[in-house]
Amino acid sequence: MTEKPILKALAGQVSDIPPIWLMRQAGRYLPEYREVRKQAGSFVDLCLNPEMAAEVTLQPIRRFGMDGAILFSDILIVPYGLGQPLKFVEGRGPVLDPVKDRQALSRLDLAGLTKRVGNVYETVSRVREALPAETTLIGFSGSPWTVITYMVEGGSSKDYAATKQWAYSDPEGFQALIDIVVEGTITYLLGQAKAGAEVLKLFDSWAGVLSPRLFRMAVLEPTKRIVSAVKSAYPDLPVIGFPRAAGANYLDYIAETGVDAVAVDTAMPIRWAVENIQSKMPIQGNLDPIALLAGGAGLEQEVKSILDVAAAGPFIFNLGHGILPTTPIEHVEQLLRHVRGK
């Protein structure tokens, strides 16, 4: 049996001290990350530079001793790999050349994906070799729906109107886009697994904005196809799903997609997650990133409220969304002490 705490939790084991890692744990709140970022050129360059990406993946492991190291990359590497131009603009975020209709699908190139993103696999290999024996390496991708919103909108969106309108008005064309992104995601994840990722995570950050019918079309079915492909190649590789803000749709997600565990967002009552999900599979979550930003007694109260309810079952402590760039390092240290009882 593995001695890696995260793999033990994902296998259904309960530990006196739950394993912990944090979404976006490698990033702007760390001074050592900011130093590397200065040298990298563009953000995409950083993601595709194996030496630098491995370094920033390892930084929070060295500083905090997290139980999991998540690959430093971005959910938009798949559209980049498909040939969609991508850049990150300060103060605006990601900017892509929009894919707005089925005619634009001809611009996407599945065959060239591995050539464009293959450096990521080298990053995975480097990190796996450098990690402590007890630390689990987590690979990831964005889930198709969330990735597609950026591809269609050309960047971030508040209402995903263009993406939803396409799905409603031309479901066949939209399904063709889903199919391309699913195949690209499978290729990308299998490359990470082959390079040494021990867990894979699917981030569906905008899963909570869909009607039940579109949730099935754009979240459930694509996720099921991706997980099935991963399991066909790597039957024992755990997959964590994160259909953020999906509410009661989590029940269909865990019943139908084949994931081994789910991350739950901050808005989901942890007791509901324990009662409705944890009896079926491990859960991960769900501290409010703002509580971590605030620190102090408020942080400790939130951590205790989660541990008191969730730690009796298979559980990985994490945030309900990514760590915020202005989070003080000492608050992360406080969190780790509290979770680990030190």
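Residues numbered from 1 in each chain as written. Predicted model: local features only at pLDDT ≥ 70, side-chain atom pairs only at ≥ 80, totals over all residues. Heavy atoms only, no water.

Looking up the protein chain in an unreviewed UniProt entry gives the name Uroporphyrinogen decarboxylase, with the organism given as Nisaea acidiphila. Taken directly from UniProt, the Subunit (unreviewed entry) text for the protein chain runs: "Homodimer." (UniProt positions renumbered as here; feature names shortened; annotations may be inferred.)

Q: Tell me about the UniProt feature "binding site: substrate" (unreviewed entry) in the protein chain, and name the residues and values.
A: Residues annotated by UniProt as "binding site: substrate" (unreviewed entry) correspond here to Arg24, Gln25, Ala26, Gly27, Arg28, Asp74, Tyr150, Ser205 and His321. The named residues occupy 298 residues along the chain; their greatest pairwise C-alpha distance, 22.7 Å, places them well apart from one another. A residue is classified by how much of its surface remains accessible, and Gln25, at 0% relative accessible area, is buried. A distance of 2.9 Å separates the side chain of Gln25 from the backbone nitrogen of Leu22, its partner in a polar contact. Judged by relative accessible area, which is 12%, Ala26 ranks as buried. Excluding its chain neighbours within four sequence positions, the residues that come into contact with Ala26 are Val56, Thr57, Pro60 and Phe72. (Buried < 20%, exposed > 50% of the residue type's maximum accessible area, 1.4 Å probe, protein only. Polar contact = N/O pair within 3.5 Å; in protein donor to acceptor, adjacent residues only side chain to side chain. Contact = heavy atoms within 4.5 Å.)

Q: Explain the nonpolar core to me, using residue names and the numbers behind them.
A: Counting residues in hydrophobic clusters, the biggest one holds 126 residues, and the most contacted among them are Leu177, Val262, Ile277, Leu287, Phe317 and Leu335. Here this core gets 11 residues from one element, more than from any other, and that element is helix H9 (residues 171–195). (Core = buried A, V, L, I, M, F, W, Y, C linked by side-chain atoms within 4.5 Å. Helix = DSSP H or I, 4+ residues; strand = E, 2+ residues; numbered from the N terminus.)

Q: Summarise unusual backbone geometry; cite the residues concerned and give the values.
A: Cis geometry is found at the peptide bond from Gly285 to Asn286, where omega equals -25°. Mapped onto the fold, Asn286 is located in strand E8 (residues 283–287). Notably, Arg24 is not glycine yet its phi reads approximately 60°, a positive angle. Positive phi values are uncommon outside glycine, yet Tyr160 reaches one of about 55°. Looking at the secondary structure, you find Tyr160 in the loop between helix H7 (144–153) and helix H8 (161–169).

Q: Tell me what's going on with the environment of Phe88, and back it up with residues and numbers.
A: Relative to the elements of secondary structure, Phe88 occurs in strand E2 (residues 86–89). Residues Phe88 and Ile283, 195 residues apart in the sequence, show an inter-C-alpha distance of 32 Å. With residues up to four places along the chain from it excluded, the contact list for Phe88 reads Phe43, Val44, Asp74, Leu76, Gly93 and Pro94.

Q: Kindly report on the UniProt feature "site: Transition state stabilizer" (unreviewed entry) in the protein chain, identifying the contributing residues and their values.
A: The UniProt entry lists Asp74 under the feature "site: Transition state stabilizer" (unreviewed entry), expressed in the numbering used here. Here Asp74 is to be found in the loop between strand E1 (68–70) and helix H5 (77–81). The exposure class assigned to Asp74 is buried, which follows from its relative accessible area of 18%. Among all residues touching Asp74, those that are not within four sequence positions of it are Phe43, Cys47, Phe88 and Phe140. A distance of 2.9 Å separates the side chain of Asp74 from the backbone nitrogen of Leu76, its partner in a polar contact.

Q: Give me the sheet that holds strand E6 (residues 239–243): which residues, what numbers.
A: One open sheet accounts for seven strands, arranged E1-E4-E5-E6-E7-E8-E9; its pairing is parallel. Of all the strands in the sheet, just E1 and strand E9 (315–319) have a single pairing partner and so form its edges. Put simply, the sheet's adjacent strands are angled 25° from each other on average, direction ignored. One ladder, built from two bridges, connects E6 with strand E7 (residues 261–263); its direction is parallel. Looking across to E7, one finds that Ile240 is bridged to Ala261. Contacting E6 and E7, helix H11 (residues 249–256) crosses the sheet at an angle of about 155° to E6. (Pairing = 2+ DSSP bridges. Axes fitted to C-alpha atoms, helices over the stretch in contact; angles between N-to-C directions.)

Q: Give me the lowdown on the pairing of E8, citing residues and values where you can.
A: Taking burial as the measure, the five residues of E8 include five buried ones, the bulk of the element. Alignment of E7 against E8, held across two bridges, turns out to be parallel. Counted as the bridge partner of Ala263 is Gln284 from E8. Of the crossover connections in this fold, the one passing from E7 over helix H12 (residues 270–278) to the parallel E8 is right-handed. Direction of pairing for E8 relative to E9: parallel, over a ladder of five bridges. Within E9, the residue paired with Gly285 across the bridge is Phe317. (Right-handed = clockwise from strand over helix to strand, strands pointing away.)

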